[in-house]
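So the chains spell out like this:
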Amino acid sequence: MLVLVLSLLPAVAATYLCCVRRHTGSAAAVLHRRGPRQAGPPGPPRDTWAPRLCGAGLHLFVHVANTAFGQICLLPFLMRMNNFSLMRTLDIHEDPTFFPEVAASITEDKSEAKSPSDVIKQLTDARSDSARNGFSFKGIKDYLECYRSGKLTPSQVAKNIIAMLEDCDKSTPPLRAIVQWDQEQIMLMAEASTTRYRNKCTLSCLDGIPVCLKEEFKVVPYHHRVGTVYLGTQPETEDATVAKKLREAGAIIIGVSNMHELGTGTTGCNPNRYHKIPRNPYNPNHFTGGSSSGSAAAVAAGLCPVAIGTDGGGSVRIPASFCGVVGLKGTFGRISCYGSLPLSYSTVSVGPICTSVADAAIVYSILAEPDLLYPYGLKQPKATLPDVCAPDLKGFKLGVDWTVFKVCDAEVLSLCEKAVKHLQSLGASVVEVSLPEMEEARVAHVICILSEMRDFLQPDFNKHFHEMNLETRASLALASQFTALDYIKANRQRTRSMRFLQEIFSTVNCILTPAVPCTAPRIYESDLLTGSSDMSFTVRSMRFMQLGNFTGIPGLVVPIGYSTAGFPISLQVMAKWWDEAVLLRIGLKLEQFRDQTKKPSIYYDTLA
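Because the structure is predicted, anything quoted here is derived from the model rather than measured.

(A) Up close: the overall build of the chain. Along its length, the chain carries 21 helices and 15 strands. Dimensions of the chain, computed from C-alpha atoms along their principal axes, come out at roughly 100 × 50 × 50 Å. A total of 608 residues make up the chain; the buried ones form 62% of that total. Of all intrachain contacts in the chain linking residues separated by at least 6 positions in sequence, the fraction that spans at least 24 positions is 81%. For the chain, the accessible area works out to roughly 24000 Å², and carbon and sulfur atoms hold 56% of it.

(B) Here's a closer look at empty space enclosed by the protein. Going through the model one piece at a time under the given rule, you end up with seven cavities of 30 Å³ or more. Its volume calculated, the largest cavity comes out at about 50 Å³. If you trace the largest cavity, you find it lined by Leu435, Pro436, Glu437, Met438, Ala441, Ser497, Phe500, Leu501, Ile504 and Leu547. Broken down by element, the lining of the largest cavity gets its largest block of residues, four residues, from helix H17 (residues 484-505). Residue composition of the lining of the largest cavity, by class: eight nonpolar, one polar and one charged.

(C) Quick peek at the environment of alanine 320. Among the structural elements, alanine 320 can be located in helix H10 (residues 317-322). With a relative accessible area of 0%, alanine 320 lands in the buried category. For the pair alanine 320 and isoleucine 488, spaced 168 residues apart in sequence, the C-alpha separation works out to 32 Å. Filtering out sequence-adjacent residues up to four positions away, alanine 320 remains in contact with Ala296, Val325, Val326, Gly327, Ile353 and Val557.

(D) Inspection of the state of the cysteines at higher detail. What the rule picks out here adds up to zero disulfides. As a non-bridged cysteine, cysteine 168 has cysteine 304 as the owner of its nearest cysteine sulfur, 10 Å distant. Its sulfur unpaired, cysteine 389 is 13 Å from the next cysteine sulfur, which belongs to cysteine 205. The exposure class assigned to cysteine 389 is partly exposed, which follows from its relative accessible area of 25%.

(E) Structural context of the environment of isoleucine 253. Along the chain, isoleucine 253 turns up in strand E6 (residues 252-257). By relative accessible area, which is 1% here, isoleucine 253 ends up buried. Taking C-alpha positions, isoleucine 253 is 14 Å from alanine 177, a pair spaced 76 residues apart along the chain. The contacts of isoleucine 253, once residues within four sequence positions are left out, are Ile186, Met189, Val211, Leu213, Val219, Ala243 and Arg247.

(F) Seen up close, the pattern of salt bridges. Under the definition given, this model contains 20 salt bridges. Salt-bridge contacts for glutamate 580 lead to arginine 334; the nearest nitrogen and oxygen are separated by 3.5 Å. Highlighted residues: glutamate 580 in helix H21 (residues 580-591) and arginine 334 in the loop between strand E8 (326-329) and strand E9 (349-354), separated in sequence by 246 residues. Accessibility classification places glutamate 580 together with arginine 334 in one group, the buried group. Salt bridges sharing partners connect three or more residues here, namely Arg34, Glu94, Glu437, Glu440, Arg496, Arg499 and Glu503.

(G) A look at unusual backbone geometry. For the bond from threonine 172 to proline 173, the omega torsion is -5°, close enough to zero to count as cis. Serine 291 follows glycine 290 through a cis peptide bond whose omega is 15°. Structurally, serine 291 is set in the loop between E6 and helix H9 (293-300). Positive phi, normally seen in glycine, also occurs at lysine 200, with a value near 55°. Not every positive phi belongs to a glycine, and aspartate 387 is a case in point at roughly 60°. Looking at the secondary structure, you find aspartate 387 in the loop between helix H11 (357-367) and strand E10 (397-400).

(H) Representation of helix H5 (residues 140-149). Counting buried positions over the 10 residues of H5 gives seven, a clear majority of the element. Restricting attention to buried positions, one finds in H5 the residues Ile140, Lys141, Asp142, Tyr143, Leu144, Cys146 and Tyr147. At the C-terminal side of H5, glycine 150 shows a positive phi close to 85°.

(I) Highlighting the packing of aromatic side chains. On inspection of all chains with the given rule, the structure shows 15 aromatic pairs. With a centroid separation of 6.3 Å and an interplanar angle of 25°, the aromatic rings of phenylalanine 322 and phenylalanine 537 are classed as stacked. One end of the pair, phenylalanine 322, is in helix H10; the other, phenylalanine 537, is in helix H19 (residues 535-541), and 215 residues separate them in sequence. Phenylalanine 537 matches phenylalanine 322 in its accessibility class, with the two residues each being buried. Aromatic rings pair up to connect Phe99, Phe332, Tyr345, Tyr374 and Tyr376 into one cluster. The side chain of arginine 225 reaches across the aromatic face of tyrosine 274, ending 3.9 Å from its centre.

(J) Representation of a nonpolar patch on the surface. A contiguous nonpolar patch, built from Met1, Leu4 and Leu8 and spanning about 360 Å² of accessible area, is present on the exposed surface. In this structure, methionine 1 sits in the segment before helix H1 (2-20). What makes methionine 1 exposed here is its relative accessible area of 78%.

(K) Highlighting the sheet that holds strand E14 (residues 555-562). What the 11 strands build is an open sheet, ordered E4-E6-E5-E7-E9-E8-E14-E15-E12-E10-E11; its pairing is mixed. With partners counted over all chains shown, the strands left at the sheet margins are strand E4 (178-180) and strand E11 (429-432), one partner each. On average, each strand axis in the sheet is inclined to that of its neighbour by 35°, with strand direction left out of account. Where strand E7 (residues 306-311) and E9 come together, six bridges link them in antiparallel fashion.

(L) Focus on helix H7 (residues 183-198). Along its 16 residues, H7 runs 22 Å from first to last C-alpha, staying within 8% of the 22 Å computed at 1.5 Å per residue. Within the span of H7, buried status applies to Ile186, Met187, Met189, Ala190, Ser193, Thr194, Arg196 and Tyr197. At its buried positions, H7 is contacted by H5, helix H6 (154-170), helix H8 (241-248) and E6. Phi turns positive, to about 55°, at lysine 200, one or two residues after H7.

Calculation notes
Residues numbered from 1 in each chain as written. Predicted model: local features only at pLDDT ≥ 70, side-chain atom pairs only at ≥ 80, totals over all residues. Heavy atoms only, no water. Helix = DSSP H or I, 4+ residues; strand = E, 2+ residues; numbered from the N terminus. Buried < 20%, exposed > 50% of the residue type's maximum accessible area, 1.4 Å probe, protein only. Contact = heavy atoms within 4.5 Å. Areas by Shrake-Rupley, 256 points an atom, 1.4 Å probe, with all protein chains shown as cover. 1 Å grid on protein atoms, 1.4 Å probe; cavity = no way out; pocket = protein on both sides within 12 Å on 5 of 7 lines; lining within 4 Å. Points joined across faces, edges and corners; volume = space filled by probe spheres on them. Nonpolar A, V, L, I, M, F, W, Y, C, P; charged D, E, K, R; others polar. Disulfide = S-S within 2.5 Å. Salt bridge = Lys/Arg side-chain N within 4 Å of Asp/Glu carboxyl O. Phe/Tyr/Trp six-rings, centres within 6.5 Å; stacked < 30°, edge-to-face > 60°. Lys NZ or Arg CZ within 6 Å of the ring centre and 35° of its normal. Patch = residues over 30% accessible without salt bridge, like charges linked within 9 Å, V, L, I, M, F, W, Y side chains within 5 Å. Pairing = 2+ DSSP bridges. Axes fitted to C-alpha atoms, helices over the stretch in contact; angles between N-to-C directions. Expected span 1.5 Å × (residues − 1).

Here you go:
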């Protein structure tokens, strides 16, 4: 009898757990109430735990993660280990904010402000590194001087670039910054620009300037692959809004740049046959960062002084930081996303990657305006740049949360602290602020971006699962764990985080953080074949980035020096919504802190 009872116990227990015991909640569950005016604990977001996977281990994990066992047991375990179920323990009553749009504040009329053309002329003369001895990146000013003096024509520069693109593809290892380019298209745009310079009827200060756009944008006549092997089977016949505006400004589009597949990672690791892994020009054995990987690599390698990327979790600012160039993420809706794949509609902003802050300001001033084809930012204020070239920072209040600021590598911290002191020497004051609920914001951002991507990519995930990179399949499998309740709660948290920032920006002009807590990670041999999945690095690299994407505020990263191993280190400046002018003014002063610019080990001089 005892044996019979014992043999029935597992069946009885399973029946109780599956068919009797309540599964949809528990009276014993504790929810942490978040009052409307009650901030949660301050402090930096926590690190995550997950092993770095590649090769056979990554294959096995991806297979298991997409099985019933993976979805019921393995991934819920990873969710708990990495605190991704945090929202389920909170009781938040604020209404959700599904799009971080903020009405522009009414400011005093700047009737004496300089005209846009005067500001742009000032900016072209504002490059802080061009007058120094030693190496400096070639920027918009250098190209314009060559064209206006007759030293070079856009056609000659285009021929140089074509030769360099050919060399990039043949080098060992290949740079893989530009993944699609067309010699005939490049020469057509260059010859048209040459004619305009000859006839003294140029279209803008971008006339004849080489640019590239991330493959996430539609650019005629290239394939809109977005880092995949299955999208963009036919050449594009319509330009994205930013591509159209660059053409109208006379820029020479030299091609579309590499990217992390579907923007799902921050390393730039994309081993599929159309893309391969782009190399960091400062050390080709290290990653560029992502997902706008090729854009940053192209600028740092000298192929073009301007590139355009998208930023949903640091995807402009992380690669710009790792590659030692400037990256700007505009306010949510500031620059039109029309014509880019809408992977995450509430977190993504468009921004330029450039060789200098002045160049970023020029490109921003040309691209930033409402677009009737894009529903966000239609009521944005005019993108003016008042006092951007002012000689000092007197009266500026720089907000720093030191408990958050210091959670980075020692070399990064040391250099960033010195850069803050440099800004103080120019008249700015540092105000200690507290960034509350950073862990909640981290988790909520992950929920929003992954849920939106998983929703948009549902047909692809069903039909093209085996054509996706392994890392992409792993990320979308994890995204399947989030529920509608998670998503709504995350957007309630967005309301809180935006209110906290509004209060902080009432007392300071900007918030300073390191750009990325570490320098560019190494590329392993196995990454070239199967790619890799490193959740710990992905989350760590986004530590200082997510707040900007989650709340829609603008951010600028500026290189301030190098590690002892020669890798670039950058500082980030964030300002309130629509206040990019503050970022750019501070960024111009940050550039003065860097006493030298190291030449990348892979560098092409298109003006030689």
